[in-house]
Each structure stands twice: as structure tokens, then as C-alpha cells.
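Topology and contacts: notes
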Amino acid sequence: MCGTAMFPAGPPWSRVRVLQVLWALLAVLLASWRLWAIKDFQECTWQVVLNEFKRVGESGVSDSFFEQEPVDTVSSLFHMLVDSPLNPSEKYLGFPYYLKINYSCEEKPSEDLVRMGHLTGLKPLVLVTFQSPVNFYRWKIEQLQIQMEAAPFRSKEPCMAEEVCSMSWYTPMPIKNGSVVMRVDVSSNGLGSFIPDKRFQMNINGFLKRDQDNNIQFTVGEKLFDLMPRYFVGVSSRPLWHTVDQSPVLILGGIPNEKYVLMTDTSFKDFSLVELSIDSCWVGSFYCPHSGFTATIYDTIATESTLFIRQNQLVYYFTGTYTTLYERNRGSGSWVRVLASECIKKLCPVYFHSNGSEYIMALTMGKHEGYVYFGTIRDGQVSFEMLPRKWSVCEQIGVTTCSIIWSEYIAGEYTLLLLVETGYGNASKRFQVVSYNTASDDLELLYHIPEFIPEARGLEFLMILGTESYTSTAMAPKGIFCNPYNNLIFIWGNFLLQSSNKENFIYLADFPKELSIKYMARSFRGAVAIVTETEEIWYLLEGSYRVYQLFPSKGWQVHISLQLMQQSSLYASNETMLTLFYEDSKLYQLVYLMNNQKGQLVKRLMPVEQLLMYQQHTSRYDLERKGGYLMLSFINFCPFSVMRLRSLPRPQRYTRQERYRARPPRVLERSGFHNENSLAIYQGLVYYLLWLHSVYDKPYADPVHDPTWRWWENNKQDQDYYFFLASNWRSSGGVSVEMDSYEKIYNLESAYELPERIFLDKGTEYSFAIFLSAQGHTFRTQTELGAAFQLHSQVDVGVVLADPACIEASVKQEVMINRNSVLFSITLKDKKLCYDQGISGHHLMKTSMTVNVVGSSGLCFQETHRGPRMQGNLMVPVFIGCPPGKRLAFDITYTVEYSRLKNKHYFDCVHVNPEMPCFLFRDSVCPVPSPAQFTALLPPPLCALPPHSSPRRLPTLFPAASHFPPSRSSASRAKLISSSGLNPLQPHSFLPLLLDSRFGDRRLRQFPGQSVCTSVPGSYVLLVVGGGPTMDSLKDYSEDEIYRFNSPLDKTNSLIWTTRTTRTTKDSAFHIMSHESPGIEWLCLENAPCYDSVPQGIFAPEFFFKVLVSNRGVDTSTYCNYQLTFLLHIHGLPLSPKRALFIVMVSASVFVGLVIFYIAFCLLWPLVVKGCTMIRWKINDIIASESYYTYASISGISSMPSLRHSRMGSMFSSRMTEDRAEPKEAVERQLMT
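Keep in mind it's a predicted model, so treat the numbers as computed, not measured.

**Thoughts on the sheet that holds strand β34 (residues 506-508)**
As summarised here, the arrangement of the 5 strands in space is β29-β34-β33-β32-β31, forming an open sheet in which the pairing is antiparallel. Each edge of the sheet is formed by a strand with only one pairing partner; in this case those strands are β29 (461-463) and β31 (479-482). Looking at each pair of strands side by side, their axes are set apart by 25° on average, direction ignored. Note: β31 against strand β32 (residues 489-492), 4 bridges, orientation antiparallel. Of the residues in β32, the one forming a bridge with I480 is I491.

**A short note on the environment of L689**
Here L689 is to be found in helix α8 (residues 676-694). In the structure, L689 is positioned 55 residues away from K744 in sequence and 9.4 Å away in space, judged by C-alpha atoms. For L689, the residues in contact, after removing those within four places along its chain, are I146, Y660, R661, A662, T708 and W711.

**Structural notes on the nonpolar core**
The nonpolar side chains of soluble globular proteins are, as a tendency, buried together. Core analysis: the largest hydrophobic core is formed by 115 residues, its most contacted members being I449, L496, L497, I530, F768, I770 and L772. Look past the residues within four positions of I449 in its chain and what remains in contact with it is L419, R430, F431, V433, M475, P477, I491 and F495. If you look at the next biggest cluster of nonpolar residues, it comprises 92 residues, including L122, M173, I251 and A302.

**Brief notes about helix α6 (residues 608-619)**
Over its 12 residues, α6 runs 17 Å from end to end, which matches the ideal 16 Å to within 8%, given 1.5 Å per residue. Turning to α6, its buried residues number three or more, namely V608, Q610, L611, L612, M613, Y614, Q616 and H617.

**Some points on the sheet that holds strand β60 (residues 873-880)**
Within a sheet, neighbouring strands are paired by backbone hydrogen bonds and run either parallel or antiparallel to one another. Pairing within the open sheet is mixed, and its 4 strands lie in the order β50-β60-β57-β54. Every other strand in the sheet has two partners, leaving β50 (758-760) and β54 (797-801) as the edge strands with one partner each. On average, each strand axis in the sheet is tilted by 25° relative to the strand beside it, whichever way the strands run. Pairing of strand β57 (residues 845-853) with β60 involves 8 bridges; the strand directions are antiparallel. Among the inter-strand pairings, K846 is bridged to a residue of β60, identified as F879.

**As for helix α12 (residues 1039-1046)**
Buried within α12 are the following residues: E1041, I1042, F1045 and N1046. Across the axial projection of α12, the buried residues extend over an arc of 110°, all falling on one side.

**Notes on the state of the cysteines**
Using the criterion set out here, one finds 7 disulfides in the structure. Put simply, C638 and C860 are joined by a disulfide, and their sulfur atoms are 2.0 Å apart. Because the torsion about its S-S bond is 105°, the bridge between C638 and C860 counts as right-handed. Residue C638 is found in the loop between β43 (629-634) and β44 (640-646), and its partner C860 is found in the loop between β57 and β58 (861-864); the two are separated by 222 residues along the sequence. Classification of C638 as buried rests on a relative accessible area of 6%.

**Notes on the environment of V181**
Locating V181 in the fold gives a position in strand β7 (residues 181-188). Setting aside residues no more than four positions away along its own chain, V181 makes contact with T129, F130, Q131, Q201, M202, N203, D245, Q246, S247 and P248.

**Describing the packing of aromatic side chains**
Applying the stated criterion across every chain yields a total of 50 aromatic pairs. Grouped by ring-pair contacts, the aromatic residues Y351, F352, F481, Y485, F490, F524, F759 and F879 constitute a single cluster. Its end group placed over the ring of Y588, K603 keeps NZ or CZ at 4.6 Å from the ring centre. Over the ring of F771 we find R646; its NZ or CZ atom is 4.2 Å from the centre of that ring.

**A word on the pairing of strand β37 (residues 537-541)**
For β37, a buried count of 5 out of 5 residues is recorded, marking the element as mostly surrounded by other parts of the structure. Burial along β37 is two-sided: I537, Y539 and L541 facing one way and W538 and L540 facing the other are all buried. The pairing of strand β36 (residues 527-532) with β37 spans 5 bridges and is antiparallel. Residue pairing in the sheet places V528 in a bridge with L540 of β37. The turn joining β36 and β37, which pair antiparallel and follow one another in sequence, is formed by 4 residues; a positive phi near 65° is taken by E535. Across 4 bridges, the pairing between β37 and strand β38 (residues 547-551) is antiparallel.

The rules behind each value
- Residues numbered from 1 in each chain as written.
- Predicted model: local features only at pLDDT ≥ 70, side-chain atom pairs only at ≥ 80, totals over all residues.
- Heavy atoms only, no water.
- Pairing = 2+ DSSP bridges.
- Helix = DSSP H or I, 4+ residues; strand = E, 2+ residues; numbered from the N terminus.
- Axes fitted to C-alpha atoms, helices over the stretch in contact; angles between N-to-C directions.
- Contact = heavy atoms within 4.5 Å.
- Core = buried A, V, L, I, M, F, W, Y, C linked by side-chain atoms within 4.5 Å.
- Buried < 20%, exposed > 50% of the residue type's maximum accessible area, 1.4 Å probe, protein only.
- Expected span 1.5 Å × (residues − 1).
- Arc of directions from axis to C-beta.
- Disulfide = S-S within 2.5 Å.
- Phe/Tyr/Trp six-rings, centres within 6.5 Å; stacked < 30°, edge-to-face > 60°.
- Lys NZ or Arg CZ within 6 Å of the ring centre and 35° of its normal.

By themselves, these are just geometric observations and shouldn't be taken as functional.
Here it is in C-alpha cells:
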């Protein structure tokens, strides 16, 4: 029987009997894992198609992904949700597509399975990952994901059942500006049937359009529907060239004598045969003879937005219509011919983008032999430059004629590796590897390839030193391959040479010299597949020296025989491989199958692990006698039986992955099925969630460092009310929106495997552990004279660093003898040597760490329900520099909290603005810049304190990427003005703090009696670059003004602020602050713009300071080039002495004048009253006298005494009426007269 243990050898059997038993057992081994999987699990798989907005619920419909504009068909539905937490005044849009999700199992109808899954609680979970764009100058570099829960939906087909006949699950298919490549991972919520996770490629196809009849057609040519066998049968395979992880549409040519290509936007899950609309006009010339003309498309290369093809010596390109990448008018109307006057013999791909661009290379022949045309693609615009710029390669290496047969571009080094052939006619051909630097225009001869293949003499590899013996077989190199992550270089042809430093090469002797390599499929994760001219497939693990033959092989014969016995639709007895390529580190074949005169083109997984296991068991077995029988067993040469990863940190800090979660709105229907309106509302909610993320890049951080906070800011307190309505089915519109269903996830756990990539800032560490259970007893003791007893394990782990000058690794071994296991703790750390400051996510240095269990390459496998998986080799790409997603934001909330804590009070402005709080001039303030958008604390935070106070530290945040203006080369002050940094400020003093709010880590810890800001040491420069007394009067200061207002060298009495720190820039132009600095003090000297501010009304003067904080050139704690510009509102500014004296004098004068006026009034008032009384008496006397004479002349009969008496009485009566306050004595005197 076969086991994993190692058995002692026994006497040999005859060769024939051994082989018979061996092949039988191989067949059992091959099928064992499948039988186990079938026994315990049904072989079920997810099925995902794309449906347009208007075709939801239709059966058998699959749409192409080319519409890129949001649809305005959902906003009207949100107006019905009057009693929901949503703001109806906001604009809600939708995406043009849905994802339709089903699943199927072998021998069962899909409709029954989906219905059963729904009834058992199964809900698909969809994780959409947006690929970062190439052009980081236009778009923000970020690692964004959104996880959605699928909503059940009845099919629109007629149904006789009461509830449901057929159904599917739907989620919106989101689109994001700057991203045209999306990965869709579908998993189960853990209920219902066991369905393994599955990944789908959902890419935007910018080479489709609608015609006048609303039919979809290709813009590059005409789609063909008949895949005739003559197009594929017996045709040689060809490489699939494209920009790794960036090309939404792949293209494959090579169909003989036809202008046909295969195109796909789903990585060949679906594909189309297209006849290209090119002219194929080839005018022969002296350099390009007319003989050999063919219509075949030889070389095809796909980039993010553009397709390139070569037909004969002609090169064409076609730019797709991608409105999510650039303007609408960038798409091509037809194929564009380039390098029309050149004779192009080959196109060479560049697999990785850099500097915001993609690249392609064209090799010439004829008049420009020895030159390379280097093409640059950015935003769909293509340009070519002939390199070298001065003299040809032939002239610079000292030969009259030469030919460049391959070119490889190393983007991080701006270097072209050229494979050059010299010697023509009867002279023997020689080959050299030449390095050309595109930045400096320098050319260097790196390596002379030996003329003949070395004699290995039974060795697996041989170091080429020049002293070894050689065979009579001439070396015929065809190409160069460089992996930018591990710096391994391969020269391939009828041999394989490997080098890690471009100088010393190793000959891999396992590859037979009788074969010749046609192309290599690269995973860039440590594995390489080799295709020869005879269509053989070989396999190589980078860094090892064994080369394995996969096809043809005995293992392949057994494998395909079993597949044909099971009637697999992916295999046939007559098949032709079209290409071999890697996708997500897995090797795939595109194969044309012929079954019963019917052809079929399929994509299938290459069973690398099974084939390697076959080879291991075929060549290594043992016979053991038990009783009277000999038993065959297979020797397991893997040094361990169990390998597990432990102590993995939470990934988001290192992967910079941001993830949102969205669930469908709750439908008020007992069956739980959604309708078209609820799905449309789901579209609008997902759109608005991603819109909130896109606009969160702002200088001011929200009180809660989460983009979704503003969404529910005003309705969070009413959450119980909305829940009451939904629970009683009273929500309007038939749906209920739960606020907690739309959130950002900050606490992702590791998936017990190393991440796809990690980003290291300056001095950052990444630690994890590997647990290995050894095979058998592999421990030994070692004692030395004078040394303690030590226990050693023969299971060892090696860590290979691609750039040991830039990163370092430490390994700590812990032997667990009671468990027969070893625990290796590994720490990877940046050495702070190989990168200068840069913008977040820009120009990162590629390197890698490879962990290899010694002796495990190609020998160790783990059985899973998906089949065997190779173990023992782990490679992690590492990016050194300023990680994506780091930026600064002014944390208003923490600043106010610190001001209230420090000053025991907080006085806001009279007119409160919650977006921009005020700070009193005489109070200490700590403006908190928060690196918004990540979970860990990295760059230097700064805190401010008033003079004579002890320093305290405040919280720190992390910001997303910010774009910095280019530096100016005049003085250091100009350089600092255009740099980047943190943000500190306070009326008397303050220090900024950094928070990584993308991952929600505030790091604010409260201790008894104090608030501590956890920070990383760092330096920065603070500059006031603008300001004004009002928002409308804000102005940016000139460079000279910035220098005068901020420099300690200023002699013009213009400083706005000062500090006690003595550290300055090299030219002493500006202060360099840090978290240990004593803070700053506001001055506003005589010539400063904030001096003598005029109050606006009766309140104290206010001023808005425009502050820039930058760490460029002064901070050694981070690779990030930070910059933050924000406004700080200060009130309570003091008046100038002159204005204050003037106001005091005016006020005193007015006051004294009022006092004098009051005294004069009090003194003069009685006299005034007396004078007025006298005047009234005189007037009354005159009136009375005139009245008497008038009466006497009319009556004439009254006596004089009576008249006199009457007159006196009348006068007395009148006087008493007018003034009853007259003294009685005055009246009597009047009567006596």
C-alpha cells in the first residue's frame, strides 16, 4: 500500500512486474483525491455572467462589458424613501450592469440547486477588486475592494409554482474611474451546499460599440462565428503578451495566412474570433524584400488601453475607448500604422508599467539595424523613440554589423538588456548581452555568451567560469527573461543560463541541448513554464536548478487517460495547444480540441502538481518484504509532513488594501425576493458608497475618520425608529435601508497565507512564523567541548532576498521536540538605504523575499479538496517606498479636544462653522494632521505646546496619497514651498499628528491626567503660505513674502511666528520642527499681514492662515513626501500699539466729553427752567393785556372797579390753569397790584 511514511528497502522485483504495479498505483494515486472529494463534497462551481440594467431576470442572457457611464435611472426611486435615513436631495446614480450569480453541480439541474440553496440560507458573497491604474499622475493609486452580498431575484419567465420556479442572485457590478481591470471573487456565506471560492475576470472592453441597429460590434474588425479547424489544428503555439495585471483585453494571433486574432476580456473564459480591418499593404524595398509576404498576425501585445500587432514588417496599434481612463475622444477610429518607413522584424513586450506609462519595443532590420524603437503608451497616446540616441549598438561594441535578436526592459533601472548577434557569412556567430541605460544613454557590454554548450558531466547545474569543457553543440540564444522582483535573469535558446547579478551565469543542465525554447510563460512569483519548438512543456522553479518535463511525459499519459475515461469536456485525444500562460500564479493552457470532427476551444488548468507527483513516484519507490510478500511503497522525499503559517499580522497595514462592505436593502416581502426597484436602490447605494470614498481626499478630517460618517451623520440617532418601521413593515417604498450595512472594514484578518504583496516604508518590519512538522525523526544533538547541550533539526529554512542591500531578514528557530516540529520566526525589515522620499504610491522599488524549505523544491505537496498544492516555496513581492494611500488631513476633532484639555476651556467664534472651528489667539492649539486612509501608525506626528509647558504627544493618523508640486531648484526655501509634509499649528504652539484613517487607527491613549499622542519621530517644516482677514480676501504669498514671514533670518520685522527650536535647514532659511520641538508662538510683527488687523464689527479681529507643512528633505523617518495645505481660523488677534492707542484716546475723549456734557447739563438745567418760566409769564401778560382792551371796547357798560376786579380774577384764573405749581405768595402779590 502507499503511504506518506518512509519504508526500508527490500529485495528488487523484476522490472516488468514493478512497472505494471507502478502504473496501476499511479492511476489510483491520480484519482484518489478526486474520489475523496466526490465522496465528501459535490463538485459544485459558481457561475457568473454580466447582465445589463434593463435585462435583469431574463434567462440565458450574457452581456458584454463596454458601457462605462453611470445610469440615471435610480434617483426617482430614492424620492419614495421618505422615512429612511437617506437624504433625498442627494444625487444617486447606478451602474450599467449587474452580476448574475448561479451555481451548478455535476449531474444536477442548476435551477433546482439554486432554489435549494436559497431555501437553506445560501447567499453568495461577491468581492470586487479594482486594479490600480497605470497613470498615477492622473489617478490616485489605491488598493480598493468592495464586498457585496447578493440579492435573490425571481426569473421573469412564466411560472406555475406559487413562489418560484427559477431564480438567481444579483449584485451591482461597480465601476471606478481609473480602473478597467476588475477581479470578482465569489464565495459562500457558509450555509447550504459547499461551493469552493472562484475568481472571475470582469474587464471593460473598450473595443466594442453599438451600431445603428443597437447591435454590439467590434471596432477593430469583424467578428467571425465559425471557428474552423484549419485555423488551429496543427498550428504552432505562440506566447500571450500583455502588461501584467493591467490589460483588460487580451489578444492572440498566429492563425496561418489570415488576419484573424482571438480577443477576450475574461482571460479566455469567453473569447471572440475577429478579422482585423487592416490594409495589409506591404511595399517591398531594398531593406524589406517582398518575398515571404503573408497575412498572418505574428506578434500581438495588449496594454491597458492599446493593442499592438505586427504583420510582416508592418506595425499597427489601436486605442480603445475608455472614458474611465481618459477623455472620450482618445479612442481610435481605425488601426494606426506606425514606423511606416522602418522594417520591423519583431515586437518585444514590457510586462510591467512604470512612471505612469507602459512600454513596447520594436526590433528593426535593414538600414537601422542595431537600433531599438522604444514605444511609450500613456493615456492611449503612443510615441516611439529610436535608441541608442547617438551611435548604434554595433558601433558602440566595436563591430561593423550586428543584429539585436531580443530586448528586455527593466523599468526600475531604466535599462534595456539587449541580446546581440555578431558575425555573418562564414564567420561563426557570437552573442553578447548588452546593457543600455535609457536615462543616461550609456551602453555597457555585460556578458559574452559561450560559443558552445558546456559539458555538465551528470551535474544538475554548472557555474560558467570559462575553464569548463564544452560540447560540440553551438549555443543558439533566442531571448532574455528578467524577473524584476527577484532580479533573476535567464538567457534561453537551446540552453538555459541563469544569473542573479548579470555577471555570473549558471548553466542548467537538466534542459536537453537537443531542444530549443520557443517562448517562456512567466508567473513572476517564482515559477516559469517553458515551451519548446516541438511543443514540449518544461517547468522550472526560479532559484532552483531542476527543470521538469511536464509534456510529453508518462504522468501526462496517465492523466489524460483518466480524464478521457471520465469523459471530461476539457480533454480530447486530438488536441492542439494555442498558448500557455499564467493567471493568478496558476498555469493555464488554451487548447483546441477535436472530438468527432467537432472543434472546441477551451481554457484549462495545467496539472503541474499532479505531474510532478507522478515523476516523483515513478522514479522513487521502495520494495519491502512483509511475510512472504513484497510490498511496493513510495518514498516521500519531502523533508516535512505539515507546513503552516502562524503569527501573521493583520494584512491591511502592509497590503494597503481598503475594503468596503455593502448589503442589499431589506425587502418587505415574506419570501425575501427582491424586485427591480429594490435592486435599483441597491445600485444607487453602492454607487454612493464608492462616491463617498472618492471624495474623501480632503484637507479636513471628519470627526469619525470614515468616509461613510457623513452619510448617516444626521440620522444615526434615529436608528431605532427606522428599525421599528422596518420590523413592522411600515417602511416606504417596500424596502428598508440599514445604516450598518454600508461601512468600511478596518479589521481584516489574515487568510493563513502570505499576502499577494507587501509595502514597506522606511524601517518597517513584517513578521510571521512557519510551523513545520518533520518527516520521521530528524532531530540530532550536538555537543561540543565547553558548550551546552544543543538540539538541532535537519529541517531548515532559507530566506533569499533579491536586494540584501535594501532589506534584511532574521530567522529564529524554535525546536518543539515533543511535537516533532520546528517553528521558524521570520522578520523582514527595510534597511533605510535604497529609496529617497517620494509621493505616495509613486516610483516604488520592486524586490522580493523568497522562503524556501531546504530540499523541498518540486517534492512537497499538500492535498486539498481542490487537488494537490505545492509547498515549501513562498515568494512575496515587496515594494519599498511610500506606500499607496498615505496622505495628511487636518484632524479638527482632535485639535479641539486637545485645546479644551490643555487650556481648560475652548472659545469658538461668534459665528460657528462646524467645518472650520476657531481657535483663540492666546490659547495653545494642537492642529492634528491625520494620514487619512490606513490602519497603522507610520509617519512622524507632531504636537504643539504653549511656551514653558512640558511636551505632550497626541494621536496620529495616516493619510492617503497626495500629489506634490514639482520642486524648484533655486533656494531651499523654494524647494520646501513645493514639498510635502505634516501639519502643525497653534496660536502659541502646537505639533501635528498623523493618523492612518484609511484603516481607522487613531492611536490615542488616555492616561491619568494626561493625553498622550503616540507618534513616530520625524521632522517637518511649517510655512504660512497665505492668509487674509476674511475668506474672500485670502491671498497666496509670493516666495519672497513666504521667506520674510517664516524665516528666522528675516530682518524686515515681518515674522508671523517663531519657535524656540534651534534646528534649521542647511541654509538656515527655515526652522525644522519635530515632535520634540517646544512648539511655536504667534508674533504677527509690524510688517506681517496679520499685524494691525481691523476688527469686523464690535468683535476682536480674526485672521485665516493658510498653512503648509512639508517634510521634504528634512525627515529621515519615512519615505513619504508629505504635504498638507489647510486653513487655520484664529480669532482674538491683538491690535497694533498705534491703533490700540488711537482707539483708547478716541474712547477716552468720547467718555470725557460725555461726562462734561452731563455735568454742564446738571448745572445749567435749573437756569434754563427759570428762564423758560419767565418767558412764559411775559407772553401771558401780553396776551392778557390785549384781551382786556378788546373786551372794554365792546361792552362799555361795566364800571371801572368791576372791570378791574374782573380782569384780576380772569388773570388769576388763567395763571392757575397754566401753571398750578406757582407759589401761593406770587399769586397774592399779583392780586395786590
